[in-house]
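One letter stands for each residue in the lines below.
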Amino acid sequence: MLDYVAALGGRAPPVGRGEAFTYLDLGCGDGFTIVLLAAIYPECRFVGVDLDPRHVERGRALAAAVSLSNVTLIEGDFADWRRFDLPQAHYVALHGVWAWISDATRAALVELLADRVAPGGFVYLGYNTLPGWAAAAPLRRFFLEWAQGSDAVANVAETLRKLREMKAQGAEYFVQNPVAAALLDDWAKNDPRYVAHEIFSPHWSPQAFDSVASDLARAGLDWVGSADLVKNFPQLALKPGLAALVAAEKDRRRAERLRDFAANTRFRRDLFAKPGAPLDMAEFEMRPWGLRVPVEEAAPTIPLPNGRLDVSGEPFRSIRRALGDGTKSIVELARLLGAPKQAVADAIQVLSLGWQVAPFARPTKGGAAPRAWRIATPVNRHLLDHPVEQGGFALFAAPPTGSALALPKPALEMLRKKEEAPKRRLAKWVELGLIAPA
Ligand SMILES: C[S@@+](CC[C@H](N)C(=O)[O-])C[C@H]1O[C@@H](n2cnc3c(N)ncnc32)[C@H](O)[C@@H]1O
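Treat the numbers as computed from the prediction; the structure is a model and nothing was measured. (Residues numbered from 1 in each chain as written. Predicted model: local features only at pLDDT ≥ 70, side-chain atom pairs only at ≥ 80, totals over all residues.)

Digging into the overall build of the protein
- The secondary structure content of the protein amounts to 20 helices and 16 strands.
- With the C-alpha coordinates aligned to their principal axes, the bounding extent of the protein is approximately 60 × 50 × 50 Å.
- Relative to its 438 residues, the protein shows a buried fraction of 38%.
- In the protein, the proportion of contacts linking residues at least 24 apart, taken out of those at least 6 apart, comes to 74%. (Helix = DSSP H or I, 4+ residues; strand = E, 2+ residues; numbered from the N terminus. Buried ≥ 20, exposed ≤ 12 C-beta atoms within 10 Å, placed from the backbone. Contact = placed C-beta atoms within 7 Å.)

Here it is in structure tokens:
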């Protein structure tokens, strides 16, 4: 997916497709992401760094439980990175880190990135940003100061109760700052431990894109695009008048500043890159594209920030149908549809915004539902017994996609109890490497 975001920005991947790469996750938490990726790319090397010994312990236990030897978790502070013996990395991820650390730690990370990102390498950064978080800053202060008990989680619960009473009675702060009101509702629904973690972090400081881009420029990294795919298409992500204003601004950094004010952005997922090769269009057009869901279940509309986009007509329908029996490249799709490659590439870009059509790491063939089956890989067998859930979905490794597959809970139950699953779904799960014929 990162390679695809880079392609949208006109950049080649840091290593040839299918070649081994090194991936560094800085602030990897319990390492779940890199353990999953290590299972998906057994020929590649994954290294995580985190300060919290409990996180690192959990990650090491998970890697050991699923017998992975290509993932290493390092316990330590970014400030000490020179002591860690970090490899040069082709991909570096920092998710939920940049806006949670001190200026001194950010400066150490800039040095790390300057030194340890390979030429042409990518850095993914997901962080709280401005102006979206500005209206909520007083809310955080209120949480820090209202309840003073020794238990942070109980303090959160008490403060939430008080603020919700205020909001219910029509407190003007919430009336005049709907973003803060929505955030309070979000926090009320969330696990209070997560909320405590979000609020009580000592260095919480949302970072404006401009200052992030300046920091990363000092490490020799340029902005390439957004890992929120739709944000690479202002005409689909913003109201028409605002999209025109963003599109008219030729300086990319200034355009991003306009975009964040147009959308009141609260969280950014940016991809930066060291200088490297431009995209080879011929290679891009040979990359495999696939469907993550059975073709019969692929939705005819795509959610956008301001509504839904109808993709029920042509050429979208024919592309979905063609992907129903396995991945196809843009070249193959153009031949099958008798359409120009550019038209297919444009349609694929639109379909990818719905997460059903996605760039795959490896080609697949569609197949029939097996009569008898088993869960395909050790990591997925482990995740069936110890599910990692996110918003009602359980995460599994789907090796051909190069990424994870989020299964809704009823599907998880089907896998666990070996209940009758629709044949089309079994066939898709075989294609995605989740199950294999027994
Ligand atoms: C908000 S969590 C994000 C975890 C993970 N990347 C994710 O997205 O789920 C931030 C992580 O950064 C780690 N961290 C914070 N400051 C650090 C530092 N100075 N050195 C190393 N790790 C740090 C924390 O222990 C925590 O696990």
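Having seen the structure, we can now continue with the description.
Quick notes on the domain arrangement of the protein
- With domains assigned, the protein is organised as domain 1 (2-131 + 206-273), domain 2 (140-200), domain 3 (285-359) and domain 4 (373-437).
- Computed over C-alpha atoms only, the centres of domain 1 and domain 2 are separated by 29 Å. (Domains from an automatic or database assignment.)

Thoughts on the sheet that holds strand E15 (residues 403-408)
- One open sheet accounts for three strands, arranged E13-E14-E15; its pairing is antiparallel. Taken across any chain shown, the strands that pair with only one partner, and hence form the sheet edges, are strand E13 (389-390) and E15.
- Direction of pairing for strand E14 (residues 393-398) relative to E15: antiparallel, over a ladder of six bridges. By the bridge assignment, Leu 395 is partnered in E15 with Ala 406. (Pairing = 2+ DSSP bridges.)

Focus: the pairing of strand E7 (residues 267-273)
- Across the seven residues that make up E7, a large majority, five, are buried.
- With four bridges connecting them, strand E6 (residues 222-226) and E7 associate as antiparallel partners. Residue pairing across strands places Ser 226 opposite Asp 270, the latter belonging to E7.

Points about the pairing of strand E1 (residues 22-26)
- The buried fraction of E1 is high, at five of five residues.
- Every second residue of E1 is oriented toward a common face, with Thr 22, Leu 24 and Leu 26 on one face and Tyr 23 and Asp 25 on the other, all of them buried.
- Alignment of E1 against strand E2 (residues 45-50), held across five bridges, turns out to be parallel. What sits directly across from Thr 22, in E2, is Arg 45.
- Handedness of the β-α-β unit built from E1, helix H2 (residues 32-40) and E2 comes out right-handed.
- Pairing geometry for E1 and strand E4 (residues 89-95), over three bridges, is parallel. Directly across from Tyr 23, in E4, lies its bridge partner Tyr 91. (Right-handed = clockwise from strand over helix to strand, strands pointing away.)

A look at the nonpolar core
- By size, the foremost hydrophobic cluster in this structure holds 72 residues, and its most contacted members are Val 35, Val 92, Val 123, Leu 271 and Phe 396.
- Considering every element that reaches this core, the biggest residue donor is H2, with seven residues.
- When residues are assigned to domains, this core turns out to be shared by domain 1 (2-131 + 206-273) and domain 4 (373-437), each giving three or more.
- When sequence neighbours within four positions are dropped, the list of residues in contact with Leu 271 reads Leu 2, Val 5, Ala 6, Phe 122, Tyr 124, Val 224, Gly 225 and Ala 227.
- Grouped together as the second largest cluster of nonpolar side chains are 21 residues, Leu 291, Ile 330, Leu 333 and Ala 347 included. (Core = buried A, V, L, I, M, F, W, Y, C linked by C-beta atoms within 7 Å.)

Focus on the site of the ligand
- Near the ligand, the surroundings consist of 16 residues, among which Gly 27, Gly 29, Leu 51, His 95 and Gly 96 are the closest.
- In terms of residue class, the shell around the ligand is built from seven nonpolar, six polar and three charged. (Near = placed C-beta within 6 Å. Nonpolar A, V, L, I, M, F, W, Y, C, P; charged D, E, K, R; others polar.)

Details of the packing of helix H6 (residues 152-168) against helix H8 (residues 178-189)
- Packing of H6 against H8 brings their axes to within 11 Å, and their N-to-C directions diverge by 140 degrees. The orientation of H6 with respect to H8, classified from their angle, is oblique. Taken as a pair, H6 and H8 cross one another with a handedness that is left-handed. Contact residues: H6 offers Leu 160, Leu 163, Arg 164 and Lys 167, while H8 offers Ala 181, Leu 184, Trp 187 and Ala 188.
- A per-class count over the contact of H6 with H8 returns six nonpolar, no polar and two charged. (Axes fitted to C-alpha atoms, helices over the stretch in contact; angles between N-to-C directions. Parallel < 35°, antiparallel > 145°, perpendicular 65-115°, else oblique. Left-handed = near helix turned anticlockwise from the far one by under 90°.)

Digging into unusual backbone geometry
- The amide bond that connects Leu 130 to the next residue, Pro 131, takes the cis arrangement and shows omega of 10 degrees.
- Looking at the secondary structure, you find Pro 131 in the loop between strand E5 (117-128) and helix H5 (137-146).

So, H2
- The buried fraction of H2 amounts to seven of the nine residues, a majority that puts the element mostly inside the structure.
- Turning to H2, its buried residues number three or more, namely Ile 34, Val 35, Leu 36, Leu 37, Ala 38, Ala 39 and Ile 40.

Overview of the sheet that holds E4
- The strand order E3-E2-E1-E4-E5-E7-E6 describes an open sheet built from seven strands, whose pairing is mixed. This sheet does not close on itself; its edge strands, each paired only once, are strand E3 (71-75) and E6. Each strand axis lies, on average, 20 degrees off the axis of its neighbour in the sheet, ignoring direction.

Digging into the environment of Phe 209
- Mapped onto the elements of the fold, Phe 209 is located in helix H10 (residues 209-218).
- The partly exposed category is assigned to Phe 209, around which 19 C-beta atoms lie within 10 Å.
- Spatially, the C-alpha atom of Phe 209 lies 38 Å from that of Ala 64, the residues being 145 residues apart in sequence.
- With sequence-adjacent residues up to four places away left out, Phe 209 is seen in contact with Thr 129, Glu 256, Arg 257, Asp 260 and Arg 268.

Concerning the environment of Leu 216
- With respect to the helices and strands, Leu 216 occurs in helix H10.
- Sequence separation between Leu 216 and Gly 433 is 217 residues; the distance between their C-alpha atoms is 37 Å.
- Residues in contact with Leu 216, not counting those within four places in the same chain, are Val 123, Leu 221 and Phe 272.

Digging into the environment of Gln 390
- Within the fold, Gln 390 resides in strand E13.
- With 10 C-beta atoms packed within 10 Å, Gln 390 lands in the exposed category.
- Gln 390 sits 17 residues away from Leu 407 along the chain, and the two C-alpha atoms are 9.8 Å apart.
- Apart from residues lying up to four places away in sequence, Gln 390 is in contact with Leu 395 and Ala 406.

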